[in-house]
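Residues per chain, in single letters:
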Amino acid sequence: MSTDLPKSWMALAVAFVLGAVFYGPPLPASQQYAVCSPTGEGIYTVDSAYPTVQCILVRDNHIADVGSLVDVKARSRRLLGFWRPALNVSFIDSTSIIVPGLADAHAHILSYGSVKLNVDLAGCTSKQEVLERLVDFVKARPDILNDPSKWIQGMGWDHNIWAVPEYPRADDFDAESLLRGRRIYLDRVDGHAAWVSRRVLQLMGELPKTVAGGDIIRDGSANPIGIFVDNAMSLIPVPPPSKADMLRYFDRTVKDALAVGLTSIHDAATEPDAVAFYRQYAESKKLPLRLYLMGHLDSVEYWGDKLPRLVDYGVGERLNLRSVKLFADGALGSSGAALLEPYSDNPSTSGIMRIQEDVLSDLVKRFHSDGWQVNVHCIGDRANRAVLDIFENVFASANMSEARPRIEHAQILTPEDIERMGRLGVIPSVQPTHATSDMWYAEQRLGPERIRGAYAYRTMIQTSRNQVLPLGSDFPVESINPLLGFFAAVTRLSVSGQSPHGSQGWFPEQRLTRFQALKGMTLDAAYASFSESNTGSLTVGKKADFVVLDQDIMTVSASEILGTKVLATVIDGEVVYGGF
């Protein structure tokens, strides 16, 4: 009996051998798929080489290709060989678009979760409404209702929007019998002032006459009224969150963040306990999104050696800690922003420098020499000038593309300092919704001349060395929804379409283009966190982080932007919210 193989079998064997010779062995199994727009240009890459494309090809956790469906399919076949199954292709709706994963360049992660799970006072238009929300919260929490020793915490009150824009008092809580005698701590909306109850004042005992870098607000008889500003807030014995609390707060923030398309968050002032929490989480399992931490410790002594340096750390390499957050002054809403001249509506004060300038200079020098990115909170023009003076000295011989120092908020500057910030290569990290929240009272605080150097985002881009302007929200101070920031940046209007200057927006010459706004919350935010080679645009080789929106925010009328819904949020190629 013959042992010769049929000729057809021999031909197949030869083809297989030749295939192995010319193409190599089959590649290891990988997960890949393509997502395409039926319109051909519905994917905004934020990559100047090809701003819009029809398709992106995702292989494992990276962008493997971009282009037309025909080209992507052809290149995929050539790369993977004939033995691979047909490419899995999904199409978004013709009205939908895809943008890179959105980043918030300045936020407070655990604070947001705490507010949402405790007492959220955002939007309260009167002191009475604050008290009503507190009463409702106590009634809904039997553990607090039945134990007056438990602390009640909340955030979001803003006396500037009340009929009588005056600070509230500790005794105000006593108007509600259910609140009387309880330990109540309420952060102002900006986080730079706290309102506490009479019981908390009793727990605090005798208070210092003055506090460096802060203020204890007192009545005509020099008695504290229950308001503590900036550094004075550290006197309040509010208990820190437990690990269980931090997990609950984190989970709530993540849930809301993914639902609005956030794939990366810069946490602005992460204290050691929170750093330990994130580190332990990242070591045990993959963080649900990318975190860029700015380490912080309330101390005028150098504390960089008390923080671990974490780069692409943990399961999934989603945790980074390579920057620090320092505070130069307070906030405009609580009259703590440090100004060069007195407040126009209160000439008795020029605000608060929370740290002496020589001490701040020494800290910046030490952090920079130890390789930390230095990010400094500056609201007022005095604070911004002081920090620019320090940066100009400390970074005189530095490679600014390596150091990348940031001014967080960069809210009020003289025209000369805006130009200097750009010339030096300092990164201004701004929050567009601060402009639209503050526009109703900012000019009253600053006057008609000084206001022209405030919230000047378009000018910052024009004077920037590399046109980088990372955008954030400062949540929970503002909404977590990045599309609200996008809307504020391109319209300078409130959500109701209003501004002190009419329907064209507040100082409309400072409006960003839609591309500038999208770049600010994607590629610019990535640059500000040293991750532009991995995230920020839909570029071949970068992480497959992207968001599917139900309409085209780049072309719809401005009034339609806020109606946009997130259909899907994808991180590392994995759908983490919604679907497509």
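Before going into details, it helps to say that this report is about the structure given with it. Residues take numbers from 1 onward in each chain, read along the sequence in its written order. Local features in this predicted model are restricted to residues whose pLDDT is 70 or higher, and side-chain atom pairs enter the listing and the counts only when it is 80 or higher, whereas totals over whole chains, interfaces and linings include all residues. Only heavy atoms go into the side-chain values, all of them from the structure, while hydrogens and water stay out.

Details of the nonpolar core
And step 1. We define the nonpolar core as a collection of buried residues of types Ala, Val, Leu, Ile, Met, Phe, Trp, Tyr and Cys that are connected through side-chain atoms lying within 4.5 Å of one another. Remark: exposure states derive from per-residue accessible area (1.4 Å probe, protein chains only) relative to the maximum for the residue type, with buried under 20%, exposed over 50%, and partly exposed in between. Core analysis: the biggest nonpolar cluster contains 108 residues, and Phe250, Tyr278, Leu291 and Leu332 have the highest contact counts within it.
And step 2. Ranked by residues supplied to this core, first place goes to helix H10 (residues 381–394) with 7 residues.
And step 3. Once residues within four sequence positions are removed from consideration, Phe250 is found in contact with Ile109, Leu110, Phe277, Tyr278, Tyr281, Leu287, Pro288 and Leu291. Helix numbering and strand numbering both begin at the N terminus, where a helix is a DSSP run of H or I of at least 4 residues and a strand a DSSP run of E of at least 2. Every residue pair with non-hydrogen atoms within 4.5 Å of one another is taken to be in contact.

Quick notes on the packing of aromatic side chains
And step 1. Stacked, edge-to-face and tilted are the three classes for Phe, Tyr and Trp ring pairs, Trp counted by its six-membered ring, which pair at centre distances within 6.5 Å; planes under 30 degrees apart are stacked, over 60 edge-to-face, the rest tilted. Counted by the stated rule, this structure contains 17 aromatic pairs.
And step 2. Centre to centre, the rings of Trp157 and Trp195 are 5.7 Å apart; their planes meet at 75 degrees, and the pair counts as edge-to-face. A residue pair is termed long-range when its members are at least 10 positions apart, and Trp157 in strand S10 (residues 151–157) and Trp195 in strand S12 (residues 193–196) qualify at 38 residues. Here the two residues Trp157 and Trp195 agree in accessibility, since each one is buried.
And step 3. An angle of 50 degrees between the planes, with centres 6.1 Å apart, marks the rings of Phe546 and Phe580 as tilted. Of the two residues, Phe546 is situated in strand S22 (residues 546–549) and Phe580 in the segment after strand S24 (574–578); the sequence distance between them amounts to 34 residues.

A look at the sheet that holds strand S4 (residues 55–59)
And step 1. Read across the open sheet, the 4 strands follow the order S5-S4-S1-S6; overall the sheet is mixed. Sheet topology places strand S5 (62–67) and strand S6 (89–91) at the edges, where each strand pairs with a single neighbour. In this sheet, neighbouring strand axes are inclined to one another by 25 degrees on average, regardless of whether the strands run parallel or antiparallel.
And step 2. Criterion used throughout: strands pair if DSSP finds at least two bridges between them. For strand S1 (residues 32–36) and S4, the ladder comprises 5 bridges, and the chain directions are antiparallel. Bridge pairing links Gln32 to Arg59 in S4. Interaxial angles span 0 to 180 degrees and are taken between N-to-C directions of axes, which are lines fitted to C-alpha atoms, for helices over the stretch in contact.

Topic: the state of the cysteines
And step 1. For this text, the term disulfide refers to a pair of cysteine sulfurs within 2.5 Å. Applying the stated criterion to the full structure yields 1 disulfide.
And step 2. What pairs with Cys36 in a disulfide is Cys55, and their sulfur atoms sit 2.1 Å apart. Disulfide Cys36 to Cys55: torsion about the S-S bond roughly 115 degrees, handedness right-handed. With Cys36 in strand S1 and Cys55 in strand S4, the pair connects residues that are 19 residues apart, well separated along the chain.

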